[in-house]
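Inside the fold
The chain contents come next:
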Amino acid sequence: MRFRILVSLAAILVPIVASAATAPVAKKKTTAAAENILPFKATEKTLANGLKVIVVPTGFPNIVSMYVPVQTGSRNEVEPGKSGFAHFFEHMMSRGTPNYPPDKYNAVVTKAGARENANTSDDRTVYHITFAKEDLPKIMEIFADRFQNLSYPEDAFKTEARAVLGEYNKNSASPVRQILEVQRANAFKVHTYKHTTMGFIKDIEDMPNQYEYSKLFFSRWYRPERTTIIVAGDVEPQPVFDLVEKYWSKWKHGTFSVEIPQEPAHDGPVYAHVPWTSQTLPYVTVGFHGPAFSETNNESAALDTITDLEFGETSDLYKRLVEDEQKVDQLFVYTGGNVDPSLWTVFARVKKQSDSVYVRDEIIKTLAKMREKLEPADRVRDAVSSSRYGLVRTLDNTEAIAQTLAEFVYFRRSFDTINNYYRLQAALTPQDLQNAARKYVTDKNLVVTTLSKDAMPAEMTKIPSVTAAAAAAKTTAGASDLRVVEQKSVVPQVAIRLLFNAGSANDPAGKEGLATLAASMVTASGSKSLTTSEINKVLYPMAGSFSANVDKEMTTLSASIHRDNWRKFFDVVLPQLLDPGFRDEDFKRLKDAQLNGLRESLRNNNEEELGKEELQNRVYSGTPYGHTSLGTVAGIEAITIDDVRNFIATNYTRGNLVVGVAGNYSDELLSSLRSELARLPQGSTTAAGLKALAPIAGKKANGLEVEIVKKDTRATAISIGLPLPITRASGADWAALNVARAWLGEHRMSTGRLFNRIREIRGLNYGDYAYIEYFNRPGGQFFPSPNIGRRSQLFEIWIRPVVPANGHMALRIALFELDKLIQNGLSQEDFEATRDYLMKNSYVMTATQNQRLGYALDSWWYGTPEYTQYVRGLYSKLTRDDVNNAIKKYLSSKDLSVVIVTKDAEGLRDKLVSDAASSITYDAPKPADIVAEDKVLGTYPLGIKAENVTIVPVEDVFAK
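All of the points below concern the structure found in this document. Predicted model, so just to flag it, every value in this text is computed and none were measured.

Rules of the game
- Residues numbered from 1 in each chain as written.
- Predicted model: local features only at pLDDT ≥ 70, side-chain atom pairs only at ≥ 80, totals over all residues.
- Heavy atoms only, no water.
- Salt bridge = Lys/Arg side-chain N within 4 Å of Asp/Glu carboxyl O.
- Helix = DSSP H or I, 4+ residues; strand = E, 2+ residues; numbered from the N terminus.
- Buried < 20%, exposed > 50% of the residue type's maximum accessible area, 1.4 Å probe, protein only.
- 1 Å grid on protein atoms, 1.4 Å probe; cavity = no way out; pocket = protein on both sides within 12 Å on 5 of 7 lines; lining within 4 Å.
- Points joined across faces, edges and corners; volume = space filled by probe spheres on them.
- Nonpolar A, V, L, I, M, F, W, Y, C, P; charged D, E, K, R; others polar.
- Contact = heavy atoms within 4.5 Å.
- Polar contact = N/O pair within 3.5 Å; in protein donor to acceptor, adjacent residues only side chain to side chain.
- Phe/Tyr/Trp six-rings, centres within 6.5 Å; stacked < 30°, edge-to-face > 60°.
- Pairing = 2+ DSSP bridges.
- Axes fitted to C-alpha atoms, helices over the stretch in contact; angles between N-to-C directions.

**Structural notes on the pattern of salt bridges**
Counted according to the given criterion, the structure contains 61 salt bridges. With a closest N to O distance of 2.9 Å, Asp586 and Arg589 form a salt bridge. Remark: Arg589 and Asp586 occur in helix H21 (residues 584-604); sequence separation between them is 3 residues, near one turn of the helix. Accessibility classification places Asp586 together with Arg589 in one group, the buried group. Notably, a salt bridge pairs Asp915 with Arg812, separated by 3.1 Å at the nearest N-O pair. Within this pair, whereas Asp915 is found in the loop between helix H33 (905-914) and helix H34 (928-938), its partner Arg812 is found in helix H28 (residues 807-824), the two being separated by 103 residues in sequence.

**Focus on empty space enclosed by the protein**
The computed volume of the second largest cavity comes to approximately 380 Å³. Forming the boundary of the second largest cavity are 30 residues, of which Asn738, Arg741, Glu773, Pro784 and Met845 lie nearest the centre. Looking at the lining of the second largest cavity, the element that brings in the most residues is helix H29 (residues 828-845), giving 4 residues. A breakdown of the residues in the lining of the second largest cavity according to their chemical character gives 16 nonpolar, 8 polar and 6 charged.

**Looking at the environment of Asp712**
You can see Asp712 is positioned in the loop between strand S18 (704-710) and strand S19 (716-724). On the accessibility criterion, Asp712 (38% relative accessible area) is partly exposed. On a C-alpha basis, the gap between Asp712 and Asn604 in space is 9.4 Å, while along the polypeptide they are 108 residues apart. Once residues lying within four places of it in the same chain are set aside, the contact partners of Asp712 are Thr277, Ser278 and Lys903. Here the side chain of Asp712 touches Lys903 through a polar contact of 3.4 Å, side chain to side chain.

**Some thoughts on the packing of aromatic side chains**
All told, the structure shown has 44 aromatic pairs when counted by the stated rule. Note on Tyr152 and Tyr211: the rings are 5.9 Å apart at their centroids and 80° apart in plane angle, and the pair reads as edge-to-face. Of the two residues, Tyr152 sits in the loop between helix H4 (136-149) and helix H5 (154-171) while Tyr211 sits in helix H8 (residues 211-221), which places them 59 residues apart along the sequence. Take Tyr152 and Tyr211: they sit in the same class, and that class is buried. Centroid distance Phe782 to Phe783: 5.3 Å. Interplanar angle 75°. Geometry classified as edge-to-face.

**Looking at the pairing of S19**
Of all 9 residues in S19, 9 are buried, a share of seventy percent or more. Strand direction decides the pairing type here: S19 and strand S22 (residues 896-902), joined by 5 bridges, are antiparallel. Note on S22: the bridge partner recorded for Gly721 is Ser897.

**Thoughts on the layout of surface pockets**
Counted as a void, the largest pocket has a volume near 1200 Å³. Around the largest pocket, the lining comprises 42 residues; the ones closest to its centre are Pro102, Asp103, Asn106, Thr751 and Asn756. Here the lining of the largest pocket takes 6 residues from H29, the largest share from any one element. Across the lining of the largest pocket, the residue classes tally to 15 nonpolar, 14 polar and 13 charged.

**With respect to the sheet that holds strand S13 (residues 483-488)**
If you walk across this open sheet you meet the 5 strands as S13-S17-S14-S16-S15, and the pairing is mixed. Two strands lie at the open edges of the sheet, namely S13 and strand S15 (545-550), each paired on one side alone. Mean inter-strand twist for the sheet, computed between neighbouring axes without regard to direction, equals 15°. Note: strand S14 (residues 493-500) against strand S17 (residues 657-663), 6 bridges, orientation antiparallel. Pairing of Ile496 across the sheet is with Val661, part of S17.

Encoded structure:
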């Protein structure tokens, strides 16, 4: 399912955002002879057992990405009581084989400096890994081994089943995910799309009892004739084919087949409501049943284009609901295009519940209008252009290329699918869109789903007629001295970053959130001559983007445009910075959105982010770092439009600016950019980076100091930390501590000690990680973001949500393992493996054009050499003693700040203060050594004093 967010501030407000590489907008080309969307030559081969292999040399050196899409997803789960197993094996595949048990497998991945992951959707499961090309033979061997020889005992199965339940619990905090779950349960009668990829909760809870079935599921669906191996990067076809033949050719062809229940004709409209227990803005969704994906029939592409044109930022409805009337603060779509007919859905987050019926009706009217009105031909052409450029701009690294290809290959295991589809989309006409609307946007296909804390108005249950709305539409038819970091390459997409040395640390007292609101006003409120709606209409056909990110010390304005379109792009985008619009209606809209982002998306809808941000606030209370970049509720409410004007005039200056440019840009582009930015005032601040800033001292705890955020939630999230007096610029000590951190808990990796002890062995949650630099949106991204440089950092441990009964024990395990690390240090073997992993992984971290450019700007700010050169040089000189000395010097297991988000705050406080023993109940027997260890862990003394525990109602967090 392709997911597109169509809202300003999306990066701030919405935790679930897919890139265009994984979410290509389905539109078509104008001529049958149109060129391929992928400018690469692929070589394909099918083995005798049915396994398909696609090799794509990308032209990027040193890196290889291997993506393995398997044609099994939640769609294949046809047996009652057995949903969730396709997603389950995304987890279970890490459980090892006789040849490569988890430790041995992870050692290979770590030694290769690789990053791997997997994901599941309705129709497929994709396993992927990116690594240095020299490790291709070994990576091919271990991947082949686990696909053919996966083996796991019943106790490991049951442990992982509980980890899957933990993931469901984590997702339960998201209103969007819950809407999708309820919507599909009501929209489908018999088809397996009735349940989401996670599966029905009753099936997930029963999963520990399905050990034998799990082996049956795997043997049925994990077969070569359902599998494709995509190898992209610095490779040649024949050596890859030889490796595949060597390691995969003995995999046996399967014989199992099943009839997927076909959905009968629908007899809607259907309405369902999701009652929400915690505070949130209401959601209104309008969906309809549509066709399956096709690379020969244009209906799916036509419906994608309709939703894009009618609900995107260039649409009339978006302008009216979001910008003019300001009744909605988010408008976005989930598009269909699955293997079988699926749903297209428009989402709206409504500011006032009293407007919910009105918003629903306006969405339905807009859809109905498409049945009677032809879209202007130029708008359809613009949609085609936006789609094409939007996809091409993401193809700037090997992993993105392989990932994009995988999202099309799984349909019929062919490289040509994506090219065929984009040829098809280019041929769309206004009549095609109308034909698709008339066929699918009907009363019988309509599905309306809502979510709110308070009861919806009674009128919400009375769904208006699409036919009547269509009939009604028919009756009304009518040069400067700038510092510039350059990174020239062959990539046609040009990336530009404007880094201003000012962030939320510059917010005046009582106006917390001003830096973020100022950045939003620059990128999302237009210029003096053009409104934001008019600008979006110009940018749409060229798929140009202009966005902002604000952290403590930095505001980064990021622009992306194809080199063919830079001049027109500059004409409309740069005036937003140089001559901002400062319209009152935009100010009110963006201010409301920021408040909702703080109160709703961060505080009420995401326990993980809530705990991490509150830990930062607690440690840096009373300093310029003592509030989130979004600000505080009181601070945002106090900001005036004059405050924004003054902040921009003071901080958005040439003296405060560093510019980064990457891609195949022309000298003319760079000259024009310099000339335009020269219009900025010089300013009194000179951008000098870290060396011009005094350190900010965080508060080091005296013992374990615990803040419990009381919130009505089914899970318990834990964040632990202490301030660090070092940064990336500190050299050897930073590198040494980073090795320790990676060993303890590398982000989203299963190799860390915390992950192994808490999640892997005990199945308590979804993951456990450690950090020495701030990691924004940790639950939503794999790699750290650049341009969040800080003069002071935290050492942090992040325990992803656990069942409340296990919160006390999870805290104990984390602190026990931290204490062991401090007391014993790393072994020589662990030191070497982790250091070598980080040296190689530095290449993977900087594999994309945007990452490289961002890290180049960070290197300027920190005053260090190019990132990979710098960190590899530091790691190469480290010794085990350096690491262990740094651990003892900077870390503590006794003096830590802890933030816990949970429902029973008082009960947890009493356990902590009394140091009551903790225990875990397992679904399957554990080995004797684990049982014995649990007894030790359950009585590990924390020594938390009563005066060191405070309970804070969630409503008070981020308030002022």
